[in-house]
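Chain by chain, the residues:
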Amino acid sequence: MAEYRDSAEALRSAGAEVVALAVDDAVRSEPVRRELGLPFPILCDTRRDVVRAWGLFNPAEHGGIAFPAVFVIDRERVVRWRSLDRTAARVSTGAVLRFLLEGRPPPPPRRVIPRLGDFVRALRNWIGRGGTTPVG
Amino acid sequence: MTEQPTPAPGQTAPDFALPDSTGEVRRLSELVRSGPRVLIFYRGHW
């Protein structure tokens, strides 16, 4: 949340306001909003209706919470971009900003298996260094 | 309410109205009226 607080102004400059949502009630959320100085509202989905309707209900933890996710919703309520962050760390605000500014999704993750050309180049570089393993 | 598929890019998101932490009721369709919104679902605090 702090990262989104720090990026709220940049996101606003890029044309989008922020709104957060969790299953916590106001008694829990309001002190957090104040302490972190969040410049955006926190919505309280205490009945879990919205997280269920959006397919983001995680029943396995803490009596049922939201799976982390970020959406860019346009004026017609159409999803323009989304990041479902169920297993990895939450998407960075940089990725959201890049989408807002450039209108395209962030680049796909790097290939895990290198292309043959990359492998040959790496091998040549390694041989060029005398075949030693880099230290540190 | 049963679990639904998560809205994907190009799809219309389900509308909702929820109170914020100050008690003010916010409706998604009204929040986006002034411009796009970055909507963050987060795990919450405990």
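Keep in mind that this is a model prediction, so the values were computed, not measured. Throughout, residues of each chain are indexed from 1 in the direction in which the sequence is written. Starting at A for chains and at 1 for ligands, labels are handed out in the order in which the entities are written. Totals for whole chains, interfaces and linings use all residues, but because this is a predicted model, local features are given only for residues with pLDDT of at least 70 and pairs of side-chain atoms are given and counted only at 80 or more.

**Observations concerning the overall build of chain B**
Put simply, the rule reads: A run of H or I in DSSP counts as a helix once it spans at least four residues, and a run of E counts as a strand once it spans at least two, with each numbered from the N terminus. To sort residues by burial, count the other C-beta atoms lying within 10 Å of each one's C-beta; a count of 20 or more means buried, 12 or fewer means exposed, and anything in between means partly exposed. C-beta atoms are built from the backbone.
A tally of helices and strands in chain B yields 1 helix and 3 strands. Written out in order from the N terminus, the α and β elements of chain B read β-β-α-β. Burial analysis of chain B (46 residues in total) assigns 33% to the buried set.

**Digging into the interface of chain B and chain A**
It is common to report an interface's size as the accessible area lost on association of the parts. For clarity, the threshold we go by: By definition, residues are in contact whenever their C-beta atoms, placed on the basis of the backbone, come within 7 Å of each other. Here a strand pair is declared whenever DSSP counts at least two bridges between the two strands.
Of the residues lining the interface, 40 residues belong to chain B; the matching set on chain A comes to 53 residues. Put simply, the parts of the chain that give the side of chain B that touches chain A at least two residues each are strand S1 (17-19), helix H1 (28-31) and strand S3 (37-41) of chain B. By residue number, the principal contributor to the side of chain B that touches chain A is S3 of chain B, which donates 5 residues. As defined by bridge partners, strand S5 (residues 69-73) of chain A adjoins S3 of chain B across 5 bridges and the pair is classed as antiparallel.

**A closer look at the environment of Gly-64 of chain A**
All names here are of chain A. Looking at the secondary structure, you find Gly-64 in the loop between strand S3 (57-58) and strand S4 (65-66). The exposure class of Gly-64 is partly exposed, given the 13 C-beta atoms found within 10 Å. In this structure, the C-alpha to C-alpha distance between Gly-64 and Gly-15, residues 49 residues apart in sequence, is 33 Å.

**Some details on the pairing of S3 of chain B**
The buried fraction of S3 of chain B amounts to 5 of the 5 residues, a majority that puts the element mostly inside the structure. Burial along S3 of chain B is two-sided: the residues Arg-37, Leu-39 and Phe-41 of chain B and Val-38 and Ile-40 of chain B are all buried. In this sheet, S3 of chain B lies alongside strand S1 (residues 17-22) of chain A in parallel orientation, the contact comprising 5 bridges. By the bridge assignment for S3 of chain B, Val-18 of chain A is matched with Val-38 of chain B.

**A short note on the confidence of the model for chain A**
The cut-off we apply is this: Per residue, pLDDT measures the predictor's confidence, with a range of 0 to 100.
Looking at chain A as a whole, the pLDDT averages 84, with 81% of positions reaching at least 70. Mean pLDDT per element in chain A: helix H5 (residues 116-128) of chain A is the minimum at 71, and strand S2 (residues 42-44) of chain A is the maximum at 98.

**Looking at the sheet that holds S2 of chain A**
The strands making up a sheet associate through backbone hydrogen bonding, with each pair oriented either parallel or antiparallel. So the rule is basically this: To get an axis, fit a line to the C-alpha atoms, keeping to the stretch in contact for a helix; angles then go from 0 to 180 degrees between the N-to-C directions.
Taken together, 5 strands build an open sheet; the order of strands is S2(A)-S1(A)-S3(B)-S5(A)-S6(A) and the sheet is mixed. The open sheet has two edge strands, S2 and strand S6 (79-84) of chain A, and neither has a second partner. Pairwise comparison of adjacent strand axes, ignoring direction, gives a mean angle of 20° for this sheet. Along the sheet face, helix H1 (residues 2-13) of chain A touches S1 of chain A together with S3 of chain B and points at about 145° away from the line of S1 of chain A. Together, S5 and S6 of chain A together with S3 of chain B form the strand contacts of helix H4 (residues 93-102) of chain A, whose direction differs from that of S5 of chain A by roughly 15°.

**Quick word on the pairing of S1 of chain A**
All names here are of chain A. What counts, and what does not: Clockwise travel from the first strand over the helix to the second, with the strands pointing away from the viewer, marks a crossover as right-handed.
A large share of S1 lies buried, amounting to 5 of its 6 residues. By the bridge criterion, 3 bridges tie S1 to S2 in an arrangement that is parallel. When the bridges of S2 are listed, Leu-21 appears paired with Leu-43. As for the winding sense of the linkage, the β-α-β connection from S1 through helix H2 (residues 26-36) to S2 is right-handed.

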